[in-house]
Amino acid sequence: MTEPDLSPVAASLPEALRVALAGTPAGATTVRLPAGLPEVALAQPELDRLLTVLVEQALRRNPPWAKASVTAYRTGAGETEVRITDGGPPVPDEAMYWAFAQGHLRDAGWAALRETPGLRFTVENTGAGRTVVLTLPLVAVAV
């Protein structure tokens, strides 16, 4: 009897961003990723879908002259943090609280953020838009 493959689920952030940016206007998004960013513990299709939704929403909120930005870095806690920032109108803190913390958003992409195991997210008001911060666990490396 063959044993099931129990290898960890792993997704490439650069690949997910390539998928998310496909079909978006050239130059509409600035991307900053460090070289050698490890894989995250999430299924690739799920990460592709989440980043596609977040990048599309950031681009929709931007005025025509502004760029959205996606920045990622590895934290010291075995995680990767991804920050997606738009330049849209400010969102009052109280409105962000009710929309995000209370789960009142009806968009399926936002619902997926709340329902994805191991994923944490917050939304920060930048004063000139908002930043969605995803914290993704890294794939554990066997020693």
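The preceding data block contains the structure.
Residues numbered from 1 in each chain as written. Predicted model: local features only at pLDDT ≥ 70, side-chain atom pairs only at ≥ 80, totals over all residues. Heavy atoms only, no water.

J.: So, the sheet that holds strand S2 (residues 68–74): which residues are in play, and what are the values?
T.: Taken together, the five strands give an open sheet; going across it, the order is S1-S2-S3-S5-S4, and neighbouring strands pair in mixed fashion. Looking along the sheet, the strands with just one partner apiece sit at the ends: strand S1 (29–32) and strand S4 (120–125). Geometrically, the sheet is characterised by an average inter-axis angle of 15 degrees between neighbouring strands, direction not taken into account. Sheet topology places S2 next to strand S3 (residues 79–85); six bridges connect them, and they run antiparallel. From the neighbouring strand, Ala72 faces S3, where its bridge partner is Val82. Set on the sheet, helix H1 (residues 13–21) makes contact with S1, S2 and S3; between it and S1 the angle comes to about 175 degrees. Here helix H2 (residues 44–61) sits on the sheet and contacts S1, S2, S3 and strand S5 (130–137); the angle it forms with S5, its principal contact strand, is near 170 degrees. (Pairing = 2+ DSSP bridges. Helix = DSSP H or I, 4+ residues; strand = E, 2+ residues; numbered from the N terminus. Axes fitted to C-alpha atoms, helices over the stretch in contact; angles between N-to-C directions. Contact = heavy atoms within 4.5 Å.)

J.: Please set out H2 residue by residue, giving values where relevant.
T.: Between its first and last C-alpha, H2 extends 26 Å over 18 residues, near the 26 Å set by a 1.5 Å rise per residue. Buried within H2 are the following residues: Gln44, Leu47, Asp48, Leu50, Leu51, Thr52, Val53, Leu54, Val55, Gln57 and Ala58. (Expected span 1.5 Å × (residues − 1). Buried < 20%, exposed > 50% of the residue type's maximum accessible area, 1.4 Å probe, protein only.)

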